[in-house]
Amino acid sequence: MKLLTDIKNIYFLGIGGIGMSALARWFKAQGFHVGGYDKTESDLTKALVAEGLDIHYDDQVGRIPTVFYKKAETLVVLTPAVPKDNIEYKYFESSEYQILKRSQVLGLITESYRTVGIAGTHGKTTTTTLTAHLFKTAGVNVSAFMGGISANYGTNLLIGDKDAPVIVESDEYDRSFLTLRPEVAVVTSTDADHLDIYGDHNAVLESFNMFGNLVSKALITNKGLEVTTNAQKFTYSNKGEGDYFSDNIRIVNGKFVFDFYGKNGLIIKDIALSMPGFHNVENATGAMAAALEFGLNPDTFKSAIESFRGVKRRFEYIVDAGNVVYIDDYAHHPKELEVLLTSAKSLFEGKKVTVIFQPHLFTRTRDFYVDFAKSLDIADEAILLDVYPARELPIEGVNSEMIANEMQNKNVRVLKKEELMPYVQNQLKTDVLITAGAGDIDRFITEIATFLKK
């Protein structure tokens, strides 16, 4: 990349994010000095520090390591989650450092590689990780920027051969994916989301159309989606229809088993997917379609799907103790909650399913509280935590009670975070427990698991 000719140091503002940390790891592997700031320490930032990255958690210019004061040799990478009043950001901006958004840097990296882009308002992380695993199992040593931690590889970044393709999770937030130029792309879904950025659903759809028109060879969309493109267009589904589809889906010994159908009479029978959920059968179908359109031989597809161990916080089994099952999931959109709870009810038929849900963002809660209520009604019991604000300030009148009051199922309660563990330990009675959300609800996982194992 010409941009990096004189750059020796990369400083990340918001380095602990899943996408930012993958970029940080990439540059570290390329020999750059990498460091950065994040608001809170996490397992991911601890892992980065262990890998040799220089990270701190105080928003103070004085905490920036001296090597990054060499302005001509330093690139600053910014995530949209960092507020404009961040002290370090204001320092870099006023000092006229070269500052790029995460999406711009990812776009620059992928300019030099044949790229497969996986986009969608939900389903993209699992589909991206599955696609990368299909390539790796086929003997193609790809690089992959994944929006979650792969259970197979223990990381959100794969660094492959210099001439190998790159698999990229293509994020619609802040229109980030418009920096990419994929050869092959998948669009899993185009539901309304991020309305704090887009304003309305039509603007979301228009952004996906713009992404589709950046694809050079093949765009593969979930059947029923209307996404424009100048490339060849194909469809996929888990409903027995489309250019690529799965059919004969059934649950056998806790696994979702299905048959895959492709073009030119291709059939792969009895694929057993260990990662549960009808939606994950659909994600696997989209991943196989992408691999086929890129030119992979399907001979290893069955073994790849069957050896896929999932993604951290995507229908992740935390406890399976016979008398109780505990699953954790990143679901934070009404549609994601719907497919999560529908799959759980199908997999554990006749069992009581309880969900602990932490809404993420005041704007998303305001825009979708009715839809959240409908999705949560699928569970037998729902526990709502307060809204996780992330980058937002509170909005008057917007809270978790809005969702609870809209629900038909009255077996629902709203708890403060400090009230959750006493409730779990003293009052909770369930067969299947699910924690869901994109905030800090994952900080309860270890404590809940420890209690349930007793």
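A brief structural summary. This one's a predicted model, so the numbers in the text were calculated from it and none came from an experiment.

## Structural notes on the pairing of strand β5 (residues 98-101)
The pairing of strand β4 (residues 74-78) with β5 spans 4 bridges and is parallel. Across the sheet, the residue bridging to Val77 is Leu100, located in β5. Viewed along the sheet, the connection from β4 through helix α3 (residues 87-94) into β5 turns out right-handed.

## A short note on helix α1 (residues 18-29)
Three- or four-residue spacings in an α-helix give side chains the same orientation, since the helix completes a turn every 3.6 residues. Given a rise of 1.5 Å per residue, 12 residues ought to cover 16 Å, and the 17 Å separating the end C-alpha atoms of α1 matches this to within 8%. Those residues of α1 that sit buried are Met20, Ser21, Ala22, Leu23, Ala24, Arg25, Trp26 and Phe27. At the exit of α1 stands Gly31, carrying a positive phi of roughly 100 degrees.

## As for the sheet that holds β4
With parallel pairing, the 5 strands of this open sheet are ordered in space as β3-β2-β1-β4-β5. The sheet terminates laterally at β3 (54-56) and β5, the two strands that pair on one side only. Within this sheet the neighbouring strands show an average axis-to-axis angle of 20 degrees, counted without direction. Lying over the sheet, α3 contacts β1 (9-13), β2 (33-37), β3, β4 and β5, oriented at roughly 135 degrees with respect to β1. In this fold helix α4 (residues 102-110) packs onto β4 and β5, with an angle of close to 85 degrees to the strand it touches most, β5.

## A few points about the pairing of strand β18 (residues 353-357)
Counting buried residues along β18, 5 of its 5 residues qualify, which places the element largely inside the surrounding structure. Of the two faces of β18, the one holding Val353, Val355 and Phe357 and the one holding Thr354 and Ile356 are both buried throughout. Pairing of β18 with strand β21 (residues 432-436) involves 5 bridges; the strand directions are parallel. Looking at the pairing, Val355 lines up with Ile434 of β21.

## Some points on unusual backbone geometry
Of all residues except glycine, most have a negative phi; of all peptide bonds, most are trans. One non-glycine residue, Asn264, lies in the positive phi region at around 60 degrees. Mapping Asn264 onto the fold places it in the loop between β14 (255-261) and β15 (267-273). Phi angles above zero are rare outside glycine, and Arg313 is one such case at about 70 degrees. Judged by relative accessible area, which is 8%, Arg313 ranks as buried.

## Side note on the environment of Val82
If you trace the backbone, Val82 turns up in the loop between β4 and α3. Assessed through its relative accessible area of 9%, Val82 is described here as buried. Sequence-wise, Val82 and Thr221 are 139 residues apart; in three dimensions their C-alpha atoms are separated by 32 Å. Setting aside chain neighbours within four positions, we find Val82 in contact with Leu13 and Gly14.

## Quick word on the packing of helix α5 (residues 124-137) against helix α8 (residues 278-294)
Running from N to C, α5 and α8 cross one another at 45 degrees; their axes reach a closest spacing of 8 Å. Taken together, the axes of α5 and α8 are oblique relative to one another. Helix-helix and strand crossings are classified by hand; for α5 and α8 the assignment is right-handed. Mapping the contact onto sequence places Thr126, Thr127, Leu130, Thr131, Leu134 and Phe135 in α5 and Asn280, Asn283, Ala284, Gly286, Ala287, Met288, Ala291 and Phe294 in α8. Residue classes in the contact of α5 with α8 are distributed as 8 nonpolar, 6 polar and no charged.

## Let's talk about the nonpolar core
One finds Phe12, Phe27, Phe145, Val355, Leu376 and Ile434 to be the most contacted residues of the largest nonpolar core, which totals 110 residues. No other element matches α8, which puts 9 residues into this core. The contacts of Leu376, once residues within four sequence positions are left out, are Leu337, Leu341, Val355, Phe357, Leu384, Ile403 and Met407. Among the nonpolar cores identified, the runner-up in size contains 19 residues, and Leu415, Leu420, Phe444 and Ile445 belong to it.

## Points about α4
In terms of burial, α4 is a largely internal element, 7 of the 9 residues being buried. Every buried residue of α4 is listed here: Arg102, Ser103, Val105, Leu106, Gly107, Ile109 and Thr110. Taken together, the buried residues of α4 touch α1, β4, β5, β6 (115-119), β7 (143-145) and β9 (166-170).

## Some points on the sheet that holds β15
Pairing is mixed in the open sheet, where 10 strands are placed in the order β8-β7-β9-β6-β10-β11-β12-β13-β14-β15. Strands with a single pairing partner mark the edges of an open sheet, and in this sheet they are β8 (157-158) and β15. Here 6 bridges tie strand β13 (residues 244-252) to β14, and the two strands are oriented antiparallel to one another. Among the inter-strand pairings, Ser246 is bridged to a residue of β14, identified as Phe260. Relative to the sheet, helix α7 (residues 201-212) contacts β6, β9, β10 (184-187) and β11 (218-222), its axis offset from that of β10 by approximately 160 degrees.

## What to know about empty space enclosed by the protein
Tallied over the entire structure, the rule returns 2 cavities of 30 Å³ or more. Each pocket or cavity is described by its volume, and for the largest cavity that value is around 50 Å³. Lining the largest cavity, in full, are Arg102, Ser103, Leu106, Glu169, Ser170, Asp171, Ser176, Phe177, Thr179 and Leu180. Counting residues per element, the ones that place at least two in the lining of the largest cavity are α4 and β9. Sorting elements by how many residues they give to the lining of the largest cavity places α4 first, with 3 residues. What the second largest cavity holds in volume is close to 30 Å³. Looking at the lining of the second largest cavity residue by residue, the class counts come to 2 nonpolar, 2 polar and 4 charged.

About the cut-offs
Residues numbered from 1 in each chain as written. Predicted model: local features only at pLDDT ≥ 70, side-chain atom pairs only at ≥ 80, totals over all residues. Heavy atoms only, no water. Pairing = 2+ DSSP bridges. Helix = DSSP H or I, 4+ residues; strand = E, 2+ residues; numbered from the N terminus. Right-handed = clockwise from strand over helix to strand, strands pointing away. Expected span 1.5 Å × (residues − 1). Buried < 20%, exposed > 50% of the residue type's maximum accessible area, 1.4 Å probe, protein only. Axes fitted to C-alpha atoms, helices over the stretch in contact; angles between N-to-C directions. Contact = heavy atoms within 4.5 Å. Parallel < 35°, antiparallel > 145°, perpendicular 65-115°, else oblique. Left-handed = near helix turned anticlockwise from the far one by under 90°. Nonpolar A, V, L, I, M, F, W, Y, C, P; charged D, E, K, R; others polar. Core = buried A, V, L, I, M, F, W, Y, C linked by side-chain atoms within 4.5 Å. 1 Å grid on protein atoms, 1.4 Å probe; cavity = no way out; pocket = protein on both sides within 12 Å on 5 of 7 lines; lining within 4 Å. Points joined across faces, edges and corners; volume = space filled by probe spheres on them.

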